[in-house]
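# Coordinates in review
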Amino acid sequence: MKVLILGSGGREHALAWSVARSERVTEVVCAPGNGGIAQVARCVPVNLKDLNAMVRLAEAEQPGLTIVGPEVPLSLGIVDALQERGLRVFGPMRAAAMLETSKAFAKQFLQRHSIPTANYAVCTTMAEFEKAIEFFHAPIVVKADGLAAGKGVIICASRQTAIEAAQGLFAGTLLGVVEHQVVIEEFLQGGEISFLCLSDGKHVTPLVPAQDHKCIGEDDTGPNTGGMGVYSTDEMLDPAMTEWVLRHIAEPTVSGMAEEGTPFIGVLYCGLMMTARGPQVLEFNARFGDPETQALLMRLDSDLVDALEAAIDGNLAETSMRWTPGAAACVIASSAGYPGKYKTGLPISGLAAAAKVPGVEVFHSGSALVDGQLVTAGGRVLGVTAVAPSLEEALARAYQAMEEIHFEGMYFRHDIGHRALKKKP
Ligand code: AMP
């Protein structure tokens, strides 16, 4: 079977790597892909913001399965469009992807179905916002309704700064797009867990849990990024808590979407805050996370294509996924200056030596192949990922491989997994 993957980052590299291991897969095509993905897939250009271009490509390639990586194609309705043309595609339809594409929809949905989440208000004007803000105590969380590539959440130290943030969102000065709805949220405290599951519209199958590191600086300081690293261990969510999250969050979400006539088929990514009053939903994503996918797929010990097809066919209840016990960790190497301005086109060296470290795969987030030389092509450049029987060993392997790699200005955090390591006796 030929598999088409839409996307160009580390998540798609990990998906391509995992799919290529399936005995049923004869060819992997990635659009547009990147320099690293080109080592495991045939890369073809496409604009991920152009629905018609993606549809034309899929019609020309006629893959047996299409996997949608990022959120923008989902928000444009790529799944609806490919299904209409009789193509098999893994991901939620546009109406179901609203769990991610509209934070106002997600909050109202959570409330309708009594699924635990922070108290909130959805406001459509500044007048409404100023009235609602009186009911919240600082710190206050202000969120853009729409997709904002991780930049749409502002934690405000006072009501006044919350008002200024909302003004910036409504006026379009903060994110460059005018928001028509702004969400105010109660500030929650606790550890964050990324709880991803596959959903076939009726049943859910959890993946192993993960925790990412959003801040650029060590000890979680400095501006937010797309994610500087992630780790996954068995201990981060015990079986009883996993069961609780399934019963009270993932399953009611999937059954609620089905009841509302928009069944959710795809990856339901629940961003959870483990608070004193139990796990609360911070956000949903309607797709695999990046860099969570890089770490999670290294722990997958069964066929990814079988699982994705079971979700499409409504057979998840009869399908199991096997996971390697222990841990995986992914450390991101980024360009100097990221998440601000950075240079691209800088030669990358040492990848062959890094790949020789046992249990390591280097997934490319932003690289390009220019005249046979791999060069940097993004803010996040590489995700050095390792699997091992313990988190300590997985991190040691990832950092050992990182030592082999070089490009001008390369930056990475040295403290990935620090919260889990500190907890150990
Ligand atoms: P989101 O895109 O909604 O997950 O928000 C991005 C990040 O903002 C989360 O990973 C949290 O670290 C933080 N965040 C979002 N909502 C809240 C909240 N209600 N309380 C505290 N932190 C939050």
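Above this note sits the structure.
Residues numbered from 1 in each chain as written. Predicted model: local features only at pLDDT ≥ 70, side-chain atom pairs only at ≥ 80, totals over all residues. Heavy atoms only, no water.

Here the focus is the site of the ligand. Taken together, 13 residues lie near the ligand, and Glu185, Glu186, Leu188, Glu192 and Glu283 sit nearest. Lysine 103 is positioned with one of its side-chain polar atoms (N or O) 3.2 Å from an oxygen atom of the ligand. Contact with the protein chains removes 87% of the 470 Å² of surface that the ligand exposes when unbound. At the level of secondary structure, the elements contributing two or more residues to the shell around the ligand comprise β7 (140-144), β8 (153-156), β9 (182-186) and β17 (278-285). Its residues placed into classes, the shell around the ligand shows seven nonpolar, no polar and six charged. (Near = heavy atom within 4 Å. Polar contact = N/O pair within 3.5 Å; in protein donor to acceptor, adjacent residues only side chain to side chain. Areas by Shrake-Rupley, 256 points an atom, 1.4 Å probe, with all protein chains shown as cover. Helix = DSSP H or I, 4+ residues; strand = E, 2+ residues; numbered from the N terminus. Nonpolar A, V, L, I, M, F, W, Y, C, P; charged D, E, K, R; others polar.)

On the secondary structure map, alanine 354 appears in helix α12 (residues 351-355). On a C-alpha basis, the gap between alanine 354 and alanine 401 in space is 4.3 Å, while along the polypeptide they are 47 residues apart. If sequence neighbours within four positions are ignored, alanine 354 has contacts with Val360, Val362, Ala401, Glu404 and Ile405. (Contact = heavy atoms within 4.5 Å.)

Looking now at the sheet that holds β8. Hydrogen bonds along the backbone pair up the strands of a sheet, which may run parallel or antiparallel. Pairing is antiparallel in the open sheet, where four strands are placed in the order β6-β9-β7-β8. At either end of the open sheet lies a strand with only one pairing partner, and these are β6 (120-123) and β8. The mean angle between the axes of side-by-side strands here comes to 20°, regardless of whether they run parallel or antiparallel. Pairing geometry for β7 and β8, over four bridges, is antiparallel. Looking at the pairing, isoleucine 140 lines up with cysteine 156 of β8. Lying on the sheet, helix α6 (residues 103-112) is in contact with β6, β7, β8 and β9; it crosses β6 at an angle near 135°. Here helix α8 (residues 159-171) sits on the sheet and contacts β6, β7, β8 and β9; the angle it forms with β7, its principal contact strand, is near 0°. (Pairing = 2+ DSSP bridges. Axes fitted to C-alpha atoms, helices over the stretch in contact; angles between N-to-C directions.)

The next subject is α6. The element α6 is largely enclosed, with a buried count of seven among its 10 residues. Along α6, the positions that sit buried rather than exposed are Lys103, Ala104, Phe105, Ala106, Lys107, Phe109 and Leu110. Once α6 ends, the next one or two residues include serine 114, with phi positive near 50°. (Buried < 20%, exposed > 50% of the residue type's maximum accessible area, 1.4 Å probe, protein only.)

This model, assessed by the stated rule, comprises one cavity of 30 Å³ or more. In this structure, the largest cavity occupies an estimated 40 Å³ of space. Ile67, Val68, Leu74, Phe90, Gly91, Pro92, Gly266, Val267, Ala286, Arg287 and Phe288 together form the lining of the largest cavity. Elements with a minimum of two residues in the lining of the largest cavity: β4 (65-68) and β16 (265-275). For the lining of the largest cavity, the residue count by class is eight nonpolar, two polar and one charged. (1 Å grid on protein atoms, 1.4 Å probe; cavity = no way out; pocket = protein on both sides within 12 Å on 5 of 7 lines; lining within 4 Å. Points joined across faces, edges and corners; volume = space filled by probe spheres on them.)

Inspection of the secondary structure puts methionine 93 in the loop between β5 (89-90) and α5 (94-101). The contact partners of methionine 93, leaving out residues within four places of it in the chain, are Val79, Asp80 and Gln83.

It is worth spelling out the packing of aromatic side chains at this point. Tallied over the full model, the rule gives five aromatic pairs. Measuring from ring centre to ring centre gives 6.3 Å for tyrosine 338 and tyrosine 342, while their planes differ by 65°; the resulting arrangement is edge-to-face. Relative to phenylalanine 412, the ring of tyrosine 399 lies with its centre 6.0 Å away and its plane at 35°, an arrangement referred to as tilted. On the criterion of sequence distance, the pair formed by tyrosine 399 in helix α13 (residues 391-404) and phenylalanine 412 in the loop between α13 and α14 (418-423) is long-range, its members being 13 residues apart. Just as tyrosine 399 is buried, phenylalanine 412 falls in that class too. (Phe/Tyr/Trp six-rings, centres within 6.5 Å; stacked < 30°, edge-to-face > 60°.)

A few words now on the nonpolar core. Residues Phe195 and Leu382 are the most contacted members of the largest nonpolar core, which totals 76 residues. With seven residues, the top contributor of residues to this core is α13. Every residue in contact with leucine 382, bar those within four places of it in the chain, is listed here: Val331, Ile332, Ala333, Ile348, Leu351, Val362, Phe363, His364, Ser365, Ile405 and Phe407. Formed by 46 residues, the second largest nonpolar core is a distinct cluster that contains Val3, Ile5, Leu15 and Phe363. (Core = buried A, V, L, I, M, F, W, Y, C linked by side-chain atoms within 4.5 Å.)

So far we have only geometry, and geometry alone does not tell us how the molecule works.
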